[in-house]
Amino acid sequence: QVQLVESGGGLVQAGGSLRLSCAASGRTFSSYHMGWFRQAPGKEREFVAAISWNGGNTYYADSVKGRFTISRDNAKNMVYLQMNSLNSEDTAVYYCAAVSKWPSTVVAGYDSWGQGTQVTVSS
């Protein structure tokens, strides 16, 4: 199994930017496709973005397309989510996740999860 730890969340003003990081353990990190999900209060956990094992393919939810960018650095066992033009609807706990199958945009498809990091966007 792969262990994941998110960081980089915080409070940001609307229109601002944040970069989330996810640190993964193990030498097999590059074998996993990676995804970012988010969960707002009272809502289900929803898909945000995914990246294939070699970084060659990405996929984004319509709500973040053009604003968010997912990337990975397999040499450092890291995956990132660059978030620009943030608005109040982006407020949520953001989770990093790993999956063996591609593509996957559903929670049930993912094998491992981080603890989450809070992102709060103020108006």
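Quick notes on the rules
Residues numbered from 1 in each chain as written. Predicted model: local features only at pLDDT ≥ 70, side-chain atom pairs only at ≥ 80, totals over all residues. Heavy atoms only, no water. Helix = DSSP H or I, 4+ residues; strand = E, 2+ residues; numbered from the N terminus. Rg over C-alpha atoms; globule rule 2.2 N^0.38 Å. Buried < 20%, exposed > 50% of the residue type's maximum accessible area, 1.4 Å probe, protein only. Contact = heavy atoms within 4.5 Å. Areas by Shrake-Rupley, 256 points an atom, 1.4 Å probe, with all protein chains shown as cover. Lys, Arg positive; Asp, Glu negative; His and termini not counted. Charge placed at Lys NZ, Arg CZ, Asp CG, Glu CD. Salt bridge = Lys/Arg side-chain N within 4 Å of Asp/Glu carboxyl O. Polar contact = N/O pair within 3.5 Å; in protein donor to acceptor, adjacent residues only side chain to side chain. Disulfide = S-S within 2.5 Å.

Chemist: Please clarify how the overall build of the protein should be interpreted in this entry.
Modeler: Regarding its fold elements, the protein presents 0 helices and 11 strands. In terms of overall dimensions, the protein is globule-like: its C-alpha atoms have a radius of gyration of 13 Å, near the 14 Å expected for 123 residues. Seen along its three principal axes, the alpha-carbon backbone of the protein occupies a region of about 40 × 25 × 25 Å. Relative to its 123 residues, the protein shows a buried fraction of 46%. In the protein, the proportion of contacts linking residues at least 24 apart, taken out of those at least 6 apart, comes to 58%. Summing over all exposed atoms, the protein offers an accessible surface of approximately 6,300 Å²; the carbon and sulfur share of this is 46%. The protein carries 10 positive and 8 negative side-chain charges, and their two centres are separated by 6 Å.

Chemist: What's the story with the side chain of Arg72 in this structure? I'm lost.
Modeler: For Arg72, the position within the fold is in strand 7 (residues 68-73). Here Arg72 sits buried without a salt bridge, and the closest side chain of opposite charge, Asp73, lies 8.3 Å off (N-O distance). Reaching out from Arg72, the side chain makes a polar contact with the backbone oxygen of Ser52 at a distance of 2.9 Å. Only 3.5 Å separates the side chain of Arg72 from the backbone oxygen of Trp53, close enough to count as a polar contact. Sequence-distant contacts of Arg72, defined by excluding residues within four places in its chain, comprise Phe29, Ser30, Tyr32, His33, Met34, Ile51, Ser52, Trp53, Gly55, Met78 and Val79.

Chemist: Help me out: how do you make sense of the state of the cysteines in this one?
Modeler: Here, the word disulfide means a covalent bond between the sulfur atoms of two cysteines. Per the counting criterion, the structure on display carries 1 disulfide. The disulfide bridge from Cys22 ends at Cys96, spanning 2.2 Å between sulfur atoms. The S-S bond linking Cys22 to Cys96 shows a torsion near -80°; that makes this disulfide left-handed. With Cys22 in strand 3 (residues 18-24) and Cys96 in strand 9 (residues 92-99), this residue pair connects regions lying 74 residues apart in the sequence. No difference in accessibility class separates Cys22 from Cys96, as the two residues are buried.

Chemist: For this particular structure, what's the right way to read unusual backbone geometry?
Modeler: Keep in mind that most residues, glycine aside, have a negative phi and that most peptide bonds are trans. Cis peptide bonds are those with omega within 30 degrees of zero, and the linkage from Trp102 to Pro103 qualifies with -5°. Tracing the backbone shows Pro103 in the loop between strand 9 and strand 10 (112-113). Its identity is not glycine, yet Asn77 carries a phi of approximately 55°, on the positive side. Structurally, Asn77 is set in the loop between strand 7 and strand 8 (78-83). Within the chain, Ser85 stands out as a residue other than glycine whose phi angle is a positive 50°. Tracing the backbone shows Ser85 in the loop between strand 8 and strand 9.

What is shown is where atoms sit, not what they do.
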